Amino acid sequence: MILGIDLGTTHSAVGVVDSGFPILLADEEGKRVIPSAVWYGGEGEIEVGRKALRRRITDPMRVVTSVKRWMGSGRIDDPVLAALRKTPEEVSADILRELKRIAEWRLETEVGQAVVTVPAYFNDSQRAATKRAAELAGLEVVRILNEPTAAALAYGLDKLKERSRVAVYDLGGGTFDLSVLEMQDGVFQVLATHGDTRLGGDDVDRMLFDFLLEGLGELPVEMQMRFLDESEKAKRALSEDLAYTVRIPFYDGSSSFEKTITRSELDQMTREWIKKTLKCCQQAMLDSGLKNPDLDAVVLVGGSTRMPAVRETVAAFFEKNVDVTQHPDEAIALGATIQAGVLSGAMSKMVLLDVTPLSLGIETYGGLMNVLIPRNTTIPCKAGEMFTNAADGQQSMRVRVLQGEREMARDNWEIGKFDVEMENAPKGQARVGVQFKIDADGILEVLARDTSTGKDVIVRIENSAVNVDDAAVEQMVGESVEFAFEDMSERIFTEAKLKADELLPAVEMILEQGFVKDEERLEIEVAVSKVNSAITSGNANALKAAVKTLDEATEAAATRLVERAMEEALEREMAE
Ligand code: AMP
C-alpha cells in the first residue's frame, strides 16, 4: 500500500486507494485536511494540526506554521523556527508522521511508502529536502509528484483526450502558482509555471484584519490573534453570503465589537491582490507558448479559489469556464493518492490507451508465442486463428493467453488460461478456432471453439489487456529488442524441430516400405543424419536447412506413397 500525501504550506492531507477508489483519510475529528502546524512543548511534547493551531493563541512562539516556505533553502527567516532550533525538514517530518499515523490508524496496518507532492517550481534541493523529511518520518518516497499534475489527475484530465493542455491555478493560504501542463499518452509535462511564494489567502485575512481594527488602537497579542481568526472566518463566510457580521464580545474588557462587511467590500479590497495572480498567469502562458484558446481546461485548486471574485476573474482572464468540481483543498492529495494507487497497482492505470500496449496471443506447440493481436493495434479490435491437435485423440487443448513481445511463450506474461474440450480426432485433424476480441473498455474476451462440436468456451480477461504499467511495457519492449537475435533463432529452431519431428518418422516409414529408389536412398540417409546432428547441436539455421533438404530429398518418394495410397483406395472401391 502506498499513501498519497499533499504536504501543503497551510494544510496537508493523506489518502489511499481502497477497493479501487482513491479516498482521503480523516483524522479522529473526522477531518480529511489538517493544518500544517506543529506545536513543540517545553517538555518535548509535540502536537500537530488543529491542536497545534489552537495553541497559537496562547503559545505563539512554540507553534510553527508555513514551514514549507523554508524547505531546502539555506536562509531561514522564521523567528519561531530559530527559537525552537528546528529545521524545516524536522517540522515537515512531524507533519508527515502525523499523516502516517492517521493513515495507519484508519487502515489498521503499517504503511511505509508514499507519493508526496511538491510545487512545480521546487528545485532539486527543495525536492530532496521533502524526501528527507519523509524519510525522517519513516516513509519512503516512491515518487515526488508536481502539485499541478496531481490536481490534473484528480480532475481526471488525463482522460480528456489523447493530447491535452491544461492550466492549473493554485491559490492557497500563502502561495500562488499557475502551471501550464501538456498531457500526452497519459503523461503530464509542465510546460511553464509561474507563481509567488508570498501571495495567498493569508493576505486577505490581513486585509480584513486591518479593516476590522481600523481606529481601535493597540491590542494585546492574544486579542490580535482572535481578530485574525475572525477575519478568516469572515472571509470564508463571504464566499457563501453577501454580508457577514463579526462579533467579539467584551473584546477590550468592557465593550463588545461588532462590524459588518459585505462581499462587494471584500471584492473591492482584494481586486489588486487577485490582479497580481493574473500577472503570473500571463507570464506562465507566455512562457508556455500557448494562447488561451489552446487550453482544454482551466482548473482551480487551493482553498482561496473558493472566493467568488477569484473564480470570476480567472474565468474572465482565460475566457473559459473554470472547473471547480473537486474540493479545491483536497484535489492535490486526491491526485497524489491516484498516483500512489497506480504505482502500487491498487488502481488500474487511469489512462485508457486506445491501442494495445503489448501484443496478445496464445502459446502453440513447442512453447512458441503465436500473436493474434499485435502491439499498438487500435481498440476495439478482433482477430482469430485456427489451431489443431498435437496428438492423436487429444482430449483437450490448453489455451494460454499471453501478452508480450517475446518469441517464446515462457518469456511473455500469462494473463489467463483455460481448457477447450476436443472431439476424438487423429493428430492434426481437429480444428479449434481461437478468437480474441477487445472492446472499447479494454476488456479482452477470448473465445475458443472446437469446430466439430461447435461448443464455445468464452473467457473474459479484464484490465490486463490494455492497462499495463508504462514501465513494464518499456521493459518488455526493451527485452524483445535486446533478445531479438536469440529469440528469433530459438523460434526458427523450434519450428524446424516440430517439422523434423513430423518428417523423421514418415521418412523412416517410406524407407522401410520400399518407396525409395536405390539412387535416392543415400541422399535421404545423409539428409536424415544432418537433421539429427543439427538437432543435437541446437543450431537453428542448420536445422532449418537440413529439414528443407530432407523434405526435398523425400519428395519423389512421398509422391509415390500418396499415389500408391490413392491407387489402393481406387482398387478397394472397384472391388466393392
Ligand atoms: P490551502 O493552502 O489550499 O489549504 O488554502 C488555504 C487558504 O484557503 C486559506 O487562506 C483559507 O483561508 C482559504 N480558504 C479556505 N476556505 C475558503 C473559503 N470558503 N473562502 C475563501 N477562502 C477560503
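Residue numbering note: each chain is counted from 1, following its sequence as written. Local features in this predicted model are restricted to residues of pLDDT 70 or higher, and side-chain atom pairs are both shown and tallied only at a pLDDT of 80 or more, whereas totals for entire chains, interfaces and linings draw on every residue. The side-chain figures draw on all heavy atoms in the structure; neither hydrogens nor water molecules are used.

Let us now look at the packing of aromatic side chains. Ring pairs shown here join Phe, Tyr and Trp side chains whose ring centres sit within 6.5 Å, with only the six-membered ring taken for Trp; geometry is labelled stacked below 30 degrees between planes, edge-to-face above 60, and tilted in between. Across all of its chains, the model carries six aromatic pairs by this definition. Both rings, one in Tyr121 and one in Phe122, keep their centres 6.1 Å apart while their planes meet at 70°; by these two values the pair is edge-to-face. Classification of residues uses two cut-offs on accessible area relative to the type maximum, computed with a 1.4 Å probe and protein chains only: under 20% is buried, over 50% is exposed, and between them is partly exposed. Residue classification places Tyr121 among the partly exposed residues on the basis of a relative accessible area of 28%. Consider the rings of Tyr251 and Phe257, whose centres lie 5.9 Å apart with planes at 75°: the pair is edge-to-face. Under the relative-accessibility criterion, Phe257 is labelled buried at 7%. One aromatic cluster is present, formed by Phe227, Tyr251 and Phe257 through successive ring pairs. The ring of Trp39 has Arg55 sitting right over it, with the charged end atom 3.7 Å from the ring centre. A ring has a charge above it when a Lys NZ or an Arg CZ is no more than 6 Å from the ring centre and no more than 35 degrees off the ring normal. The ring of Phe211 has Lys259 sitting right over it, with the charged end atom 4.4 Å from the ring centre.

On to the sheet that holds strand E16 (residues 360-364), then. On the basis of which strands lie adjacent, the open sheet formed by four strands has the order E17-E16-E19-E20 and antiparallel pairing. With one partner strand each, in any of the chains shown, strand E17 (368-373) and strand E20 (413-421) form the two edges of the open sheet. With strand direction ignored, the average angle separating the axes of adjacent strands in the sheet is 30°. Only strands that DSSP links by at least two bridges are regarded as paired with each other. Strands here mean DSSP runs of E at least two residues long; helices mean DSSP runs of H or I at least four residues long; both are numbered from the N terminus. Examined bridge by bridge, strand E19 (residues 396-403) and E20 share eight bridges and lie antiparallel to one another. Within E20, the position partnered with Arg398 by the bridge is Asp419. Here, axes are lines fitted to C-alpha atoms. For helices the fit covers the stretch in contact, and angles between N-to-C directions go from 0 to 180 degrees.

Turning next to the pattern of salt bridges. By salt bridge we mean one thing: a side-chain nitrogen of Lys or Arg within 4 Å of a carboxyl oxygen of Asp or Glu. By the definition in use, this model includes 40 salt bridges. In this structure, the salt-bridge partner of Asp329 is Arg306, at a minimum N-O distance of 2.8 Å. Of this pair, Asp329 sits in the loop between helix H9 (308-318) and helix H10 (331-344) while Arg306 sits in the loop between strand E15 (297-301) and H9; the two residues are 23 residues apart in sequence, bridging distant segments of the chain. Looking at Arg306, the relative accessible area reads 35%, which means it is partly exposed. Put simply, Glu525 and Arg521 hold a salt bridge, and the shortest N to O gap is 3.9 Å. Here Glu525 pairs with Arg521, and both are found in helix H13 (residues 518-537), just four residues apart, close to one helical turn. Residue Glu525 is classed as partly exposed on the basis of its relative accessible area of 39%. Salt bridges sharing common partners tie together Arg406, Arg410, Asp411, Glu479, Asp487 and Glu490.

For the pair helix H6 (residues 201-213) and helix H7 (residues 221-240), the least separation of the axes is 8 Å and the interaxial angle reads 115°. By the angle between their axes, H6 is roughly perpendicular relative to H7. Of the two elements, H6 crosses H7, and the hand of that crossing is right-handed. On H7, the residues that touch Gly201, Val204, Asp205, Leu208, Phe209, Leu212 and Leu213 of H6 are Gln224, Phe227, Leu228, Ser231, Glu232 and Lys235. Throughout this description, any angle smaller than 35 degrees is read as roughly parallel, any larger than 145 degrees as roughly antiparallel, any in the 65 to 115 degree range as roughly perpendicular, and the remainder as oblique. Crossing handedness is defined as follows: a turn of the near helix away from the far one that is anticlockwise and smaller than a right angle gives a left-handed crossing, while the clockwise case is right-handed. Residue contacts are defined here by distance: any two heavy atoms, one from each residue, within 4.5 Å place the two residues in contact.

As a further point, take helix H5 (residues 147-154). Because each turn of an α-helix spans 3.6 residues, side chains separated by three or four positions in sequence point in the same direction. H5 sits mainly inside the fold: eight of its eight residues count as buried. Backbone geometry just downstream of H5 places Gly156 in the positive-phi region, at approximately 70°.

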